[in-house]
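Now for the letters of each chain:
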Amino acid sequence: MRTGKIKFYIESKGYGFITDDETGQDIFVHATGVKAQNLREGDAVSYQEEEGRKGKVAAQVEAIS
């Protein structure tokens, strides 16, 4: 599992980006890959990186404390 912080997440549209802690790169996250709800900017999360139709996407996103 990778870790990162929510860069932004628009719940009404169902997508956002996570900034990876290790690489500093942004990765797309869609609502279908989110286990936790109410993600907010700056929240620490864990996730798995998967190959999507247009590149890497975050899956199984969960908030961590």
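**As for the layout of surface pockets**
Right, so step 1: Its volume calculated, the largest pocket comes out at about 160 Å³.
Right, so step 2: As for the largest pocket, its lining consists of Phe28, Gly52, Arg53, Lys54, Gly55, Lys56 and Val57.
Right, so step 3: A total of three residues in the lining of the largest pocket trace back to one element, the largest contributor, which is strand S5 (residues 55-63).

**Comments concerning the environment of Glu51**
Right, so step 1: Summarising the element assignment, Glu51 is placed in strand S4 (residues 44-52).
Right, so step 2: At 3.3 Å, the side chain of Glu51 and the side chain of Lys56 are in polar contact.

**A look at the pattern of salt bridges**
Right, so step 1: In this structure the tally under the stated criterion is three salt bridges.
Right, so step 2: Here Asp20 and Arg2 are joined by a salt bridge, their closest N and O atoms 2.9 Å apart. Highlighted residues: Asp20 in strand S2 (residues 15-20) and Arg2 in strand S1 (residues 2-10), separated in sequence by 18 residues.
Right, so step 3: Between Glu51 and Lys56 there is a salt bridge, with the nearest N and O atoms lying 3.3 Å from each other.
Right, so step 4: For Glu51, a relative accessible area of 56% corresponds to the exposed category.
Right, so step 5: The partly exposed category is assigned to Lys56, whose relative accessible area is 47%.

The rules behind the values
Residues numbered from 1 in each chain as written. Predicted model: local features only at pLDDT ≥ 70, side-chain atom pairs only at ≥ 80, totals over all residues. Heavy atoms only, no water. 1 Å grid on protein atoms, 1.4 Å probe; cavity = no way out; pocket = protein on both sides within 12 Å on 5 of 7 lines; lining within 4 Å. Points joined across faces, edges and corners; volume = space filled by probe spheres on them. Helix = DSSP H or I, 4+ residues; strand = E, 2+ residues; numbered from the N terminus. Polar contact = N/O pair within 3.5 Å; in protein donor to acceptor, adjacent residues only side chain to side chain. Salt bridge = Lys/Arg side-chain N within 4 Å of Asp/Glu carboxyl O. Buried < 20%, exposed > 50% of the residue type's maximum accessible area, 1.4 Å probe, protein only.

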